Every structure is written in C-alpha cells, then in structure tokens.
Amino acid sequence: MKHRTIIEPFRIKSVEPIGLSTEAERVQQLKEAHYNPFLLRSSDVIIDLMTDSGTGAMSAHQWAGVMEGDEAYAGSRSWERMEQTIQALTGMKHVLPTHQGRAAERIIYGHLGGQGKVFISNTLFDTTRANIEFSGATGIDIPVAEGQDPATDHPFKGNMDTQALRKLLQQHQGHVGAVVLTVTNNSGGGQPVSMANAEEVSAICRETGVLFLLDCCRIAENSWFVKHREAAMQDLSYREIARRMFALADGAVMSAKKDGMVNMGGFLALRDGKLAEACTNLLIITEGFTTYGGLSGRDMEAIATGLQEVFDPHYLNYRIRSTTFLGEKLKAMGVPLMWPIGGHAVYIDAKALYPHIPSHQYPGQALVCELYRLGGIRTVEIGSVMFGTYAEDGSLRPARMELVRLAIPRRVYTQSHIEYVAETFGEIMRSRDQVRGYKIIKEPKFLRHFTAHFEAL
Ligand code: F0G
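So, here is what we can say about the structure in this document. (Residues numbered from 1 in each chain as written. Predicted model: local features only at pLDDT ≥ 70, side-chain atom pairs only at ≥ 80, totals over all residues. Heavy atoms only, no water.)

Each aromatic ring pair is specified by the distance between its two centres and by the angle formed by the two planes. Here the structure, examined in full by the defined rule, presents 9 aromatic pairs. With 5.9 Å between their ring centres and 25° between their planes, Tyr73 and Phe289 make a pair best called stacked. One end of the pair, Tyr73, is in the loop between α2 (60-68) and α3 (77-90); the other, Phe289, is in the loop between α10 (273-286) and α11 (297-309), with 216 residues separating them in the sequence. With a relative accessible area of 56%, Tyr73 lands in the exposed category. (Phe/Tyr/Trp six-rings, centres within 6.5 Å; stacked < 30°, edge-to-face > 60°. Helix = DSSP H or I, 4+ residues; strand = E, 2+ residues; numbered from the N terminus. Buried < 20%, exposed > 50% of the residue type's maximum accessible area, 1.4 Å probe, protein only.)

Quick look at the packing of α2 against α11 now. Two numbers describe how α2 lies on α11: the axes approach to 7 Å, and their chain directions differ by 155°. In terms of axis orientation, α2 runs roughly antiparallel to α11. Viewed along their axes, α2 and α11 form a crossing whose handedness is right-handed. Here α2 contributes His61, Gln62, Gly65, Val66 and Glu68 to the contact with α11, which in turn contributes Arg298, Glu301, Ala302, Thr305, Gly306 and Glu309. Among the residues making up the contact of α2 with α11, the classes are represented as 2 nonpolar, 5 polar and 4 charged. (Axes fitted to C-alpha atoms, helices over the stretch in contact; angles between N-to-C directions. Parallel < 35°, antiparallel > 145°, perpendicular 65-115°, else oblique. Left-handed = near helix turned anticlockwise from the far one by under 90°. Contact = heavy atoms within 4.5 Å. Nonpolar A, V, L, I, M, F, W, Y, C, P; charged D, E, K, R; others polar.)

This next bit is on the site of the ligand. Contacts to the ligand come from 17 residues, most closely from Thr51, Arg102, Ser255, Lys258 and Arg405. Contacts to the ligand include Gln100, whose side-chain N or O atom sits 2.8 Å from an oxygen atom. For the ligand, a nitrogen atom lies 2.7 Å from a polar atom in the side chain of Asp215. When residues of the shell around the ligand are assigned to their parent elements, the largest contribution, 3 residues, is made by helix α4 (residues 101-112). Residue composition of the shell around the ligand, grouped by class: 2 nonpolar, 8 polar and 7 charged. (Near = heavy atom within 4 Å. Polar contact = N/O pair within 3.5 Å; in protein donor to acceptor, adjacent residues only side chain to side chain.)

Relative to the assigned elements, Val253 resides in strand β7 (residues 251-255). Residues Val253 and Pro97, 156 residues apart in the sequence, show an inter-C-alpha distance of 10 Å. Not counting chain neighbours up to four residues away, the residues in contact with Val253 comprise Gly101, Ala104, Glu105, Ile108, Tyr109, Leu214, Asp215, Cys216, Cys217, Phe267 and Leu268.

So, about the sheet that holds strand β14 (residues 403-407). If you walk across this open sheet you meet the 3 strands as β9-β14-β11, and the pairing is antiparallel. Edge positions in the open sheet fall to β9 (345-349) and β11 (380-382), since each of these has one partner strand only. Between one strand and the next, the sheet's axes are offset by a mean angle of 35°, whatever the strand orientation. In this structure, β11 lies alongside β14, joined through 3 bridges in antiparallel fashion. Across the sheet, the residue bridging to Ile382 is Leu403, located in β14. (Pairing = 2+ DSSP bridges.)

The next point concerns unusual backbone geometry. The residue after Val183, namely Thr184, is reached through a cis peptide bond having omega -20°. Summarising the element assignment, Thr184 is placed in the loop between β5 (176-182) and α7 (195-208). Of the consecutive residues Trp339 and Pro340, the connecting peptide bond is found in the cis state with omega at -10°. Considering the arrangement of structural elements, one finds Pro340 in the loop between α12 (313-332) and β9. Look at His34: it is not a glycine, yet its phi comes out positive at around 55°. Mapping His34 onto the fold places it in the loop between α1 (23-32) and β1 (47-48). Not every positive phi belongs to a glycine, and Met261 is a case in point at roughly 60°.

As structure tokens, then:
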C-alpha cells in the first residue's frame, strides 16, 4: 500500500512542555510586549514560528556526539570531523569555522568589501547586506521578475536575473567584490534556485573573472526542489545535487543553524589559498583559532552529523512536504499567500488579507498580533515595519510587500501543531474585516522591528 499521509520520519525521545494560555492572558501578554513579538517571552508562546534558525531539534546521534566533543584548543578531533565533512560536501579545501552565519559574512565581506565595491545577488539576506554595507560597499539584488510577484506560479522563483547580471558586471567592471547566490532565497520567500540558473551565473562569473559565492544555509532544501522540478537532475541524489552546485562556486558561507541542523554554528569554505589565508587572519582576531573558530568541540561534532542527516531523503521529503502541507491548507481556505510554497516557511500576503489597512498602519503587524491573540502563534512581519523608511516630510515609504512569515523549525512540531495553526487561520479569515492597524510609538534608529513599541489603532 502507498500511503498519502506524510508522517514525521522520527519518533520523539525527549519532550519539552508547551505552556497553554487563554486568549485573555495573551491579550495581556501582547499589551506588555508593546505588540511586538520580539518582546514576548518564549515561555508564553504556544507555537513559535518566528524563525527556522537555530530552533530545530537535534537527533539522538547528534546528542551522543555532544558528549564525544573534543574541547582541545588546537587540533580537536571534532574539528577534523567537521572539516572533513564540509570538504567532502563542498569540494572546497579551506574551511573556517564560525559561531554563526553572520560571523563568516563579516570576515569574507569585510575582506572583499570596502568603499566603491559592489556585491550582486539574487537577494542578499539582511545580515549579509548589513555586513556588505558596513564595509562601505553596496549590495544590489536582481531576482527574476517572477520572484517579485506573490501570486505567479514558477518552479524557481529564487533565480537570479542573468541578463541584469551581465549588464551590472559591465557597468561595475573592476569593482565587483563577488556575486552571491542565496539558496534557497530566504527574503524572496524561501524560493529555490535551479541548477541551470546557478550554472549560468557561474559561467558568467568565470568569463568575467568575478568571484562567485553561495550563501548555502538551506542548500539541502534547495536540492529537494532541484531534484523534483528540474528534469535533468531527477536521477541525482540530494547530496549529489548539492555537491554539483558547490562545484560551480569559488566559496560558500553557511549558517549551520538552518540545514546544519544545529542550534549554533556556521562556516566559510573557500577554494583559493590566498583568500583563505587573508580570511584566517580575521578569523583568529574575531572568532578564535583555526580549529574551532567560534565553536566548542561539541558544536562541531553536532554540525558534522547534522550535515549528513539533512540529506536523508525521508527527512527532506517530510520537511518540504510538511511546509507545503500548511501552505496548501491555508490556500484552500482562501488565505492569500506567496505561491508556490518555499522550503522553510509560508509567507502570508497581509496586504491582500487586510485590504482596508493601509501600509502606514502596518497590516503585517496586525496579522502577527492576531495570530498571537487567537492562537499563541508567534510569527514575524516582513513588510513596512521591517523595511519601511521615512520620506523627508515624515511620511512612510512602504516596503514592496506586506508579508508575514511562518517559519517552520526543523523536526520540532508535529502535524497536529500544524493543524492547530491552520484552525487559527479559520478564525483569522472570519474576523478579517474587524481587524485594525497599528502605529509605532517608539523606535530605534536601526533595525527597528526588533525593539519598536506599537499601539493598536
Ligand atoms: N543568510 C541567510 C539566507 C539567512 O537566512 C541567515 C539567517 C543568515 C545568512 C545569517 O545567519 O543568523 O546564523 O548569522 N537567517 C535567520 C532567519 C536569522 O530567521 O531567517 P546567522
């Protein structure tokens, strides 16, 4: 018999209680958090879909590795395992361990960047852009047009616009620090990048002598989409697909908190010895010695195992299908969302859900608060709270889209948790006309979404 039900391909050995609350309690908690989910206590949250980064569950094998971790300052056995695992996966000789993705970003973009330099990407993740801009350089995003429309169906909405790439490379000749392909494209909805697109980007970079880097923190999830949506790739394993994509690049930056299946960690992998040497100098100054970077031996042990486990076909199939399961359920209920569903998250189009709330009253923030009030579900606004800026006259320049991200932690929630989220959306749909917007009453100068205070209108 062939089953339709996609079961979690694991059983649960260790559990963590979820505190349940009433709607009245959550109304009070929201008020105390100034209607900003970043200011809620995790112990009050019922289902936490704020991020898939560092929030996954480790396997019994990884936990066993934690006890085996070799904490030597130099030449740790756990480092050898992590280094060999990454070398075998990426085919890159030089591996620099860091405490998370942005530490690797700071090192590589700090070195390659600086005034007058340009970095071109399908879409730079916000910490990547911040590290590039902090060096004095400029980041330019050129996703394909299909990736910018929430409703169009396209198999690879994470792709880079290669025509625009050729133009930009000509325009900025001699000043391009690197071309960066983010797989999957997080800011674009966790949308995949095709092998054909990566090959074309790689060929253009080789022709023009420009460095080509992968931001590979969700490359296993990307490989699932490549295998199932790109006919030429269907006979390769997920791991072979990832290896093939790495083979196209000169280097890779990874936040292991995603497809590394750990709670903390990252790395930078490079082919070129000279570049690696320059980066190693920065590593030692800011992270740690070459054989641990920002990590303990136990972390490195867990990463080595996580990078193997993530390519298990049963795991990847469950991972992508269960994210899609939530998306399909919401779509069937008429919830407007980014389509097709990406690898790690479902993105709701709050502007379409609440057409009566204008951007300057933050429809995404309204949905974030409703999800918490009705279900204790924590999510994140990715719209004008996060990306809006002010014009000279003080009016809001809204973001391009008003989205809310439901990011799914790896191996944490079961199907009934997801059913509960969908049920909550039933009430969201019924009461959508009564929901009102928010105004910001206090905000810092940078990255305001983390700490801003709101008031309900
Ligand atoms: N690149 C991408 C594509 C990411 O999604 C992230 C983190 C990073 C780099 C930075 O890695 O957090 O380990 O320093 N994304 C998290 C998220 C924060 O919620 O999407 P980090």
